[in-house]
Amino acid sequence: MTLNFEKEKLVAELKERKPRKVLVQLAEGIKRDASEIASWVEEALPGTECIFSGETCWGACSVAVQEAQALNADLLVHFGHAQFIEVDFPILYMEVQDILDLNPILNKSLPLLENYKSIGLSYSIQHRHDIQKVIKFYENHGKKVTLSQKAGTNAYEGHITGCEYRGLKAIQDNVEAFVILGNQFHSMGATLALRKPVILIDVYNDDVRSMAGLKEKILKQRLFSIEKFKEARNIGIIVEIKPGQKFGNPIKLLEKMKNAGKNAIVITMSEITPDKIMNFYHIDAFVELACPRIALDDFAKYEKPILTMLEAMVAIGERSWDDVLENGIV
Ligand code: SF4
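Worth saying up front: this structure is predicted, and the values here are computed from it rather than measured. Within any chain, residue numbers begin from 1 and follow the written order of that chain's sequence. Whole-chain, interface and lining totals are the exception, using all residues; otherwise, since this is a predicted model, local features are given only for residues with pLDDT of at least 70 and side-chain atom pairs are given and counted only at 80 or more. Only hydrogens and water are removed before side-chain values are computed, so all heavy atoms of the structure are retained for them.

Colleague: Give me unusual backbone geometry: which residues, what numbers.
Modeller: Backbone geometry places Asn72, a non-glycine residue, at a positive phi of 60 degrees. In this text, helices come from DSSP runs of H or I with a minimum length of four residues, and strands from runs of E with a minimum of two, each type numbered from the N-terminal end. Its location among the elements puts Asn72 in the loop between helix H3 (65–70) and strand S4 (75–79). Since its relative accessible area comes to 57%, Asn72 is described here as exposed. Throughout this description, buried means an accessible area under 20% of the type-specific maximum (1.4 Å probe, protein chains only), exposed means over 50%, and partly exposed covers the range between.

Colleague: Which residues make up the packing of aromatic side chains, and what values go with them?
Modeller: The pairing test for Phe, Tyr and Trp rings, Trp by its six-membered ring, is centres within 6.5 Å, and the orientation test on the planes gives stacked under 30 degrees, edge-to-face over 60, and tilted for anything in between. Applying the stated criterion across every chain yields a total of three aromatic pairs. Judged by centre distance (5.4 Å) and plane angle (80 degrees), the rings of Phe137 and Tyr138 are edge-to-face. For the pair Phe137 and Tyr138, one class covers both residues: buried. Taken together, the ring pairs connect Phe5, Trp40 and Phe79 into an aromatic cluster. The aromatic ring of Tyr156 is capped on one face by Arg128, whose charged end is 3.5 Å from the ring centroid. Over the ring of Phe185 we find Arg293, and its NZ or CZ is 4.0 Å from the ring centre. By definition, being over a ring means that NZ of Lys or CZ of Arg is both within 6 Å of the ring centre and within 35 degrees of the ring normal.

Colleague: How would you explain helix H2 (residues 34–44) if you had to name every residue and give the values?
Modeller: Of the residues making up H2, those classed as buried are Ala34, Ile37, Trp40, Val41 and Ala44. Down the axis of H2, the smallest arc covering the buried residues is 115 degrees, so these residues share one side. Check the buried side of H2 and you find it contacts helix H1 (7–17), strand S2 (21–26), strand S3 (49–52) and S4. It is the directions from the helix axis to the C-beta atoms that the arc portrays. Only heavy atoms enter the contact rule, under which two residues are in contact if any of them lie within 4.5 Å.

Colleague: Account for the pattern of salt bridges, with residues named and values stated.
Modeller: Pairs can form between side chains of opposite charge whenever their charged atoms are close. Think of a salt bridge as a Lys or Arg side-chain nitrogen and an Asp or Glu carboxyl oxygen that are within 4 Å of each other. A full pass over the atoms with the stated rule returns 22 salt bridges. Here Asp297 ties to Arg293 by a salt bridge, and the two come within 2.9 Å at their closest N and O atoms. You can see Asp297 and its partner Arg293 sitting in helix H11 (residues 292–298), four residues apart, about one turn around the helix. By relative accessible area, which is 29% here, Asp297 ends up partly exposed. Linked by salt bridges that have partners in common, Asp173, Arg195 and Glu326 make up one network.

Colleague: Which residues make up the site of the ligand, and what values go with them?
Modeller: Every residue near the ligand is listed here: Cys61, Phe84, Gly162, Cys163, Phe185, Gln245, Phe247, Cys291 and Arg293. Three residue categories are used. Nonpolar comprises Ala, Val, Leu, Ile, Met, Phe, Trp, Tyr, Cys and Pro, charged comprises Asp, Glu, Lys and Arg, and polar comprises the others, including Gly. Of the residues contributing to the shell around the ligand, the split by class is six nonpolar, two polar and one charged. Working definition: residue near molecule or strand if any one of its non-hydrogen atoms lies within 4 Å of it.

Colleague: An account of the sheet that holds S3 is needed here, citing residue identities and associated values.
Modeller: Following DSSP output, two strands are said to pair if at least two bridges run between them. Spatial ordering of the open sheet is given by S3-S2-S4-S5, a layout of four strands whose pairing is parallel. Strands with a single pairing partner mark the edges of an open sheet, and in this sheet they are S3 and strand S5 (91–94). Taken pair by pair, the neighbouring strands of this sheet meet at an average axis angle of 20 degrees, ignoring direction. When S2 meets S4, the two strands line up parallel, connected through five bridges. By the bridge assignment, Val24 is partnered in S4 with Val77. In this fold H1 packs onto S2, S4 and S5, with an angle of close to 170 degrees to the strand it touches most, S5. Whenever a helix is involved, its axis is fitted only over the stretch in contact; in every case the axis is a line through C-alpha atoms, and angles between N-to-C directions fall within 0 to 180 degrees. Contacts from H2 reach S2, S3 and S4 within the one sheet, and its direction differs from that of S3 by about 160 degrees.

Colleague: Requested: an account of the packing of H1 against H2, with residues and values cited.
Modeller: Running from N to C, H1 and H2 cross one another at 40 degrees; their axes reach a closest spacing of 9 Å. With respect to H2, the element H1 is oriented oblique. Crossing geometry of H1 relative to H2 is assigned as right-handed. From H1, Lys7, Leu10, Val11, Leu14 and Lys15 reach across to H2, where they touch Trp40, Val41, Glu43 and Ala44. Of the residues assigned to the contact of H1 with H2, the class counts are six nonpolar, no polar and three charged. Any angle that is under 35 degrees is reported as roughly parallel, and any over 145 degrees as roughly antiparallel; angles of 65 to 115 degrees are reported as roughly perpendicular and all others as oblique. Here is the rule for handedness: rotate from the far helix to the near one, and if that takes an anticlockwise turn smaller than a right angle the crossing is left-handed, while a clockwise turn gives right-handed.

Colleague: Lay out the sheet that holds strand S13 (residues 263–269) with the relevant residues and their values.
Modeller: Where strands meet in a sheet, backbone hydrogen bonds hold them as pairs that are either parallel or antiparallel. Across the sheet, four strands lie side by side as S13-S12-S14-S15; this open sheet has parallel pairing. The sheet is open, and its two borders are formed by S13 and strand S15 (306–307), each paired with just one other strand. Here strand S14 (residues 285–288) runs beside S15; their pairing, made up of two bridges, is parallel. Note that in S15 the partner of Phe286 across the bridge is Ile306.

Colleague: Give a detailed account of the pairing of strand S8 (residues 144–147), specifying residues and quantitative values.
Modeller: Along S8, the buried face is formed by Val145 and Leu147; none of Lys144 and Thr146, which line the opposite face, is buried. Summarising the sheet, strand S7 (residues 118–123) and S8 pair through four bridges and their orientation is parallel. Within the sheet, the bridge partner assigned to Leu121 lies in S8 and is Leu147. Crossover handedness is defined here as right-handed if the route from the first strand over the helix to the second strand goes clockwise, with the strands pointing away from the viewer. Handedness of the crossover joining S7 and S8 through helix H5 (residues 131–140): right-handed.

Colleague: Help me get a handle on the nonpolar core, residues and values and all.
Modeller: We call a set of buried Ala, Val, Leu, Ile, Met, Phe, Trp, Tyr and Cys residues a nonpolar core when their side-chain atoms join them within 4.5 Å. Among the nonpolar cores identified, the biggest contains 42 residues, and Ile235 and Met257 are the most heavily contacted of them. No other element matches helix H12 (residues 309–315), which puts five residues into this core. With residues up to four places along the chain from it excluded, the contact list for Ile235 reads Phe229, Met257, Lys262, Asn263, Ala264, Ile265, Ile283, Ala285 and Val287.

Structure representation (structure tokens):
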């Protein structure tokens, strides 16, 4: 795998902005490149203080604005994600391109797509530079290709993140299946959000597969957690302090829980982990208003039921499960 960090862009931006102190934040998979990036900052602006955030960074939702402010930095450089939300702090987003020959894996995808003439296409950000070639490839093989719309927190047409599927839902009536160029995380979210078949092109494992079986398994588990939540008396509503992780209003939810006969409290965390949750031993079940994928993908790590906002609404009877199945669980 060859990554293009766009060093020239970084150097040009730094020379233009002339920060005195920079906080650099790297997505998890590229933290190993910190020392090299430090040398580029030094080369661009000798004497500029360059500090790396060691906090976890799973998505552009967790831009390290609070850290940057605490350090009195005047620029945050965020590598590995596109802009997700507007924040009142200077941020330079460096998206990072994955340089790959996609032709072999695109050829491999054709048998799985032979029953579909019209496909919806979405990509994770590191493949953005290749997307016109991908569209051309499928068109040359007789497919009609529609990029998912730019909607909500997606930065571009066709761009996918793990929690924003409105742009895919917007085109689902016009396509027979979706192709997700990226990894299992994004395609799993897509299959939970959509009614149409989802095919993953997993460039990291050189694999192409349908997500159908996994969807059934996860939905069955989610229904089980919702049923357990209904029996719970003491509820913890967890909010994270990351700027882009505000999936619901905790105070309104607290009211709803009380009206449903639950004894609920609101808990704040910098990041939800099983260890932190464990100490609230009197709580029977949780709702998390942070990343919805914590509840959906990581449920096995938690001893007690943990639901998303949407699932909590089902548990207290404000939404129906059929409605969730129709409109997607994310
Ligand atoms: S909230 Fe979760 S899915 Fe959404 S961008 Fe952040 S880490 Fe990814």
